Amino acid sequence: MRAISSGVVGVARFLYRFVVGDDWTVAVAMVLALAATGILAADHVSAVWLVPLVAIAMTGVSLRRAARRRRAA
Amino acid sequence: MTGAGVVLVTTFLASAVEAIEMVVIVLGVGATRGWRSTVLGAVAGFALLAVIIAVLGVALAAVPIGPLRAVVGTLLVLFGLQWYRKGIARVAARGLAGVGEEAVEDEDIPSSGVDWVAFVLAFKGVLLEGLEIALIVVSFGLAAGQLGLSVVGAAAALVVIGAIGFALKGIVTRIPRSLLQLVVGTLLTSFGTFWSLEGLGVNWPQSDLDIVALLAVYGLVAATYIGLERRRIHQAALEMA
């Protein structure tokens, strides 16, 4: 039982690290952008630019936040 | 060119495009995270692919590739962005550090056992691209009534592109680690963006060529952010002095 629960915890931890990583705001913003693009595509609106734009913007935000953290430390 | 020649060349070229994407991912992940787990992931991907092909045969044409692209693409873009960000920060801070290092110094790479990140990335890349090649073979081969030749064209593409990738392995491992992480992050983010949107039903205006456009855009943005990060680091150093 203990082996199963530690295995489940290990898989969950791996999935979190793989999908979310060290900045959950980037992952959330990307999932929202993908969902919005999917909804627009279903309405025959091609929003091919939305996901790259959010990816670029969130990378900038995340880098800036990390720099601020480094400076505070 | 005869009808058979057209089938052979077309399936070779179409499969080569997918094989390039597969080899780029495996090569990039292997060079960045180590080869053992990456090769294990690639082999596992091929094994599952072989099982799927053996079980489904020509019924493969009915596999819903869209949802699979959406899931794999989403995971790749989420993971790729992490390396993209880390790569930008590291190149800005350390420049082209780590030239010729064999082992990757990264906090989340296990020193023993399977590196599941490398395994999963290689596995997904091989499985998705392999399925796309299988779909090309089945759909084009059946439409042209030349399934056998179609299989030969695709197999030849896999062998040729795989051999080129293997030959490039030595060069790739000599790329500075910080730069390599940025390059692989850019590649994963570009492929992930392309596949996830394609899977969601978005039509890319120039089809597979848009991957190149995405690579160019993400590459230019990375160069801009590296410049900004360097300025930030320089300012922080001046404030400390």
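The subject of this paragraph is the overall build of chain B. Along chain B, the regular secondary structure elements total seven helices and zero strands. Order of helices (α) and strands (β) in chain B, N terminus to C terminus: α-α-α-α-α-α-α. For 241 residues, the compact-globule formula gives about 18 Å, and the C-alpha radius of gyration of chain B, at 20 Å, lands near that figure. If one aligns the C-alpha atoms of chain B with their principal axes, the spans along those axes are about 75 × 40 × 35 Å. Long-range contacts, defined here as pairs at least 24 residues apart, represent 90% of the contacts in chain B between residues at least 6 apart.

In this section: the interface of chain B and chain A. Each side of the interface is counted separately: chain B has 31 residues, and chain A has 26 residues. For the side of chain B that touches chain A, the secondary structure elements donating two or more residues are α3 (65-94), α4 (116-144), α6 (177-199) and α7 (209-240) of chain B. Ranked by residues supplied to the side of chain B that touches chain A, first place goes to α3 of chain B with eleven residues. Tallied by class, the residues present in the side of chain B that touches chain A amount to 20 nonpolar, seven polar and four charged.

Turning to the packing of α3 of chain B against α7 of chain B, a few remarks are in order. Residues and elements named next belong to chain B. One way to put it is that α3 packs onto α7 with a least axis distance of 8 Å and a crossing angle of 50°. One element, α3, and the other, α7, form an angle in the oblique class. Along this stretch, α3 crosses α7, giving a crossing that reads as right-handed. For the pair formed by α3 and α7, the contact residues are Y84, I88, A89, V91, A92 and A93 on the first element and A222, Y225, I226, E229, R230 and I233 on the second.

In this section: the environment of Y225 of chain B. For Y225 of chain B, the location among the structural elements is in helix α7. Between the C-alpha atom of Y225 of chain B and that of F119 of chain B, which follows or precedes it by 106 residues, the distance is 30 Å. Aside from chain neighbours lying at most four places away, what touches Y225 of chain B is T59, G60 and L63 of chain A together with I88 of chain B.

With 94% of its residues at a pLDDT of at least 70, chain B reaches an overall mean of 86. Two numbers describe this predicted complex: its pTM, 0.79, and its ipTM, 0.92.

This part covers the nonpolar core. Counting 75 residues, the largest nonpolar core has M30 of chain A together with V26, I88 and A122 of chain B as the members making the most contacts within it. Taken together, the elements giving at least two residues each to this core come down to α2 (24-42) and α3 (50-72) of chain A together with α1 (3-33), α3, α4, α5 (147-173), α6 and α7 of chain B. Ranked by residues supplied to this core, first place goes to α4 of chain B with 17 residues. Apart from the residues within four sequence positions on either side, A122 of chain B is in contact with I25, V26, V29, T38, G41, A42 and G45 of chain B.

In the Ramachandran plot, H44 of chain A falls in the positive-phi region, its phi being about 65° despite a non-glycine side chain. Here H44 of chain A shows up in the loop between α2 and α3. We note that S207 of chain B has phi near 55°; this positive angle belongs to a residue other than glycine. Assignment of secondary structure puts S207 of chain B in the loop between α6 and α7.

Conventions and cut-offs
- Residues numbered from 1 in each chain as written.
- Chains lettered and ligands numbered in written order.
- Predicted model: local features only at pLDDT ≥ 70, side-chain atom pairs only at ≥ 80, totals over all residues.
- Helix = DSSP H or I, 4+ residues; strand = E, 2+ residues; numbered from the N terminus.
- Rg over C-alpha atoms; globule rule 2.2 N^0.38 Å.
- Contact = placed C-beta atoms within 7 Å.
- Nonpolar A, V, L, I, M, F, W, Y, C, P; charged D, E, K, R; others polar.
- Axes fitted to C-alpha atoms, helices over the stretch in contact; angles between N-to-C directions.
- Parallel < 35°, antiparallel > 145°, perpendicular 65-115°, else oblique.
- Left-handed = near helix turned anticlockwise from the far one by under 90°.
- pLDDT = per-residue confidence, 0-100.
- Core = buried A, V, L, I, M, F, W, Y, C linked by C-beta atoms within 7 Å.
- Buried ≥ 20, exposed ≤ 12 C-beta atoms within 10 Å, placed from the backbone.

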